[in-house]
Amino acid sequence: MRELTDLKGLHPRDLTRRQRLVLAFGVGLVTVVLLFTAIYYWGMRALEGQPRSVFQAFNTVIETMTTTGYGADAPWTTPAMNVFVATMQVTGVVIGFVTLRILVIPLFERTPLNLDDRLTIKNDHVVVAEYERDTEVLLDELEALDVEYVLIESDEEEAKRLSDDGYQAINGDPEDRDDLERATIQRASLLITDAGDNTASIVLTALEANEDLRVVSFTASTRRRAALAEVGVDRSVSPRALIGRRLAEKATTPVSVPESVDEEDEVAIRELLVRRDSPLHGVRVRDSPLAAHPNLTLVAGWFDGELRLPPSPEDRLTPNTVLVVAGPEGTIDEVAAEVGGTRTPRAAAQSWVIVAGFGEGGHEAAATLPDGVSVTTVDESPDSGADVVGDVTEPETLQAVDIEAASALVVTVGEDATALLTVAMARSLSDDVEILVRVTEAEKTAPAFRAGADYVLSVQRVCARLVAAEVHGERIMDPVGQIRLVRADAAPFAGETLADARRNPERGWTVVGVAREGAVLTDERTEIADTDEMFVAGSDDAIQEFERTVDSS
């Protein structure tokens, strides 16, 4: 049986309810057969005076329990043996019915299957109470991180489809406490809700069963945050507003290179974009050629809109990851081909940004842009309050906002098809404008790049990553004003190697290399001399801290 085969090598905690039932049935069946064999062996010798071998006794027990006959042993002369054989017959019939109900009928799906039977034992897990986006993107993210979860799906067919595909999903009403308890809400650590107007009811019901739950809720509007906080939501997120803010942050987090760093120094900082067809897709940072390269330093990374400075060695490189790399320009060029895409970072913050689509996401993007940035908003609705009313897929509209002179275009229109057409139209009008776009479906990320986008965030992917970050308690870093590269006296690090100087990523700055006798040395085995000058990269705040505590000492 396939179900029995599937049990090999599994820890009992990893078994579903059905697998545990099958295992218990198998153990019980073997136990009964062995017990009957021992009794029959003893009975034929002690009561009937007709000794049988163990194997003959085993064969007779099997014949009796399967009702296939008795051979030469029948009839029996003692009452005890007759009663025992009758007991075996009845037991065989009962086991036959049990086998039919537990194994045969469900195997051929002739009776409805309870999805609860497929759930493994859960403790300190995540309960997802409805999810209005692409559920599989979220569940794949949780499974990739080995996070235990149960999804409560109100659509019976969808729940069965997900369960058949191997996901931990059940059909139920998350507003019903009984259904929440089927998902062992009382032992869960986190509740994820994405249920629209039903969110408050779900949260209140769940907190009655487990008052220690952390609750994360997705909501269509930021205006509901206060109300959701009142009912017990710890963090409410409007996905479109979140992505609008992250796109604006990405557009205005530049790299600043000091004037003292010139071409002769051969020190460069570049953004390397991991595209979908890159061989680095799915590779951990620590296993990438960038991290392992002795002459390059990973300064920062954008992961689904989150800035990590520097990136953790455990972070995975996914499509649309942007890594900020420092080192010799020639070396970066060599490695860039392996990453799958590269472009030169901006030398200064964006000065003029166009926001296409002035809904929830567009408002958040415009509000996030720094005060020194000129912003022009565009929307086709006269009631949106945008600076320019028009269709951003038409060339006349983009020309009216002078797309050729703009430094960046943030696309937050409602439909993915409209977003892709807007990107293509903008790219046809300007080769230089940086295009950052929001799409809803994760699968539209690659088409957006082909249309000409420089950076793409998917609502589905960002929501999934946000949930994963909440589960692990990761702190999402607020983007800084800029990423800076400065030149400083290396005396405080004299005697250390570059590898030693780079070993503490928590401080927010890292040593790129040292300048010595007109050359820049970036190999991590280089020993720092007190006469060297050192290149340090990091955020505004981190560099200021470095200058206060290290460079001035």
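Refer to the structure presented above.
Residues numbered from 1 in each chain as written. Predicted model: local features only at pLDDT ≥ 70, side-chain atom pairs only at ≥ 80, totals over all residues. Heavy atoms only, no water.

Draft legend 1. Structural detail: the sheet that holds strand 5 (residues 214-218). Spatial ordering of the open sheet is given by 3-2-1-4-5-6, a layout of six strands whose pairing is parallel. Here the strands that pair on one side only, and so sit at the sheet edges, are strand 3 (169-171) and strand 6 (235-237). Ignoring which end each strand starts from, the neighbouring axes of this sheet average 20 degrees apart. Inspection of the sheet shows strand 4 (residues 190-193) paired to strand 5 by four bridges, in the parallel sense. (Pairing = 2+ DSSP bridges. Helix = DSSP H or I, 4+ residues; strand = E, 2+ residues; numbered from the N terminus. Axes fitted to C-alpha atoms, helices over the stretch in contact; angles between N-to-C directions.)

Draft legend 2. Highlighting the nonpolar core. The biggest cluster of nonpolar side chains holds 81 residues, and the ones touching the most others in it are Ile192, Phe218, Leu409, Val411 and Val437. In this structure, Ile192 is in contact with Val126, Val127, Val128, Ala129, Glu130, Val216, Phe218 and Val467, ignoring residues within four places of it in sequence. If you look at the next biggest cluster of nonpolar residues, it comprises 24 residues, including Ala129, Ala195, Ile202 and Val215. (Core = buried A, V, L, I, M, F, W, Y, C linked by side-chain atoms within 4.5 Å. Buried < 20%, exposed > 50% of the residue type's maximum accessible area, 1.4 Å probe, protein only. Contact = heavy atoms within 4.5 Å.)

Draft legend 3. Just the side chain of Glu48, in detail. Tracing the chain through its elements places Glu48 in the loop between helix 2 (17-46) and helix 3 (54-65). Not counting residues within four places of it along the chain, the set of residues in contact with Glu48 comprises Gly43, Trp76, Thr77, Thr78 and Met81.

Draft legend 4. Structural detail: the pattern of salt bridges. Tallied over the entire structure, the rule returns 14 salt bridges. Where Asp197 meets Arg224, a salt bridge forms, and the shortest distance between an N and an O atom there is 3.1 Å. Placement of Asp197 in the loop between strand 4 and helix 8 (199-209) and of Arg224 in the loop between strand 5 and helix 9 (225-231) is noted, with a sequence separation of 27 residues between them. When its relative accessible area of 38% is taken as the criterion, Arg224 is described as partly exposed. Arg284 is the salt-bridge partner of Glu314, the closest N and O atoms lying 3.4 Å from each other. With a gap of 30 residues between them, Glu314 in the loop between strand 10 (306-308) and strand 11 (321-328) and Arg284 in the loop between strand 8 (267-274) and helix 11 (289-292) connect regions that are remote in the sequence. For Glu314, a relative accessible area of 37% corresponds to the partly exposed category. (Salt bridge = Lys/Arg side-chain N within 4 Å of Asp/Glu carboxyl O.)

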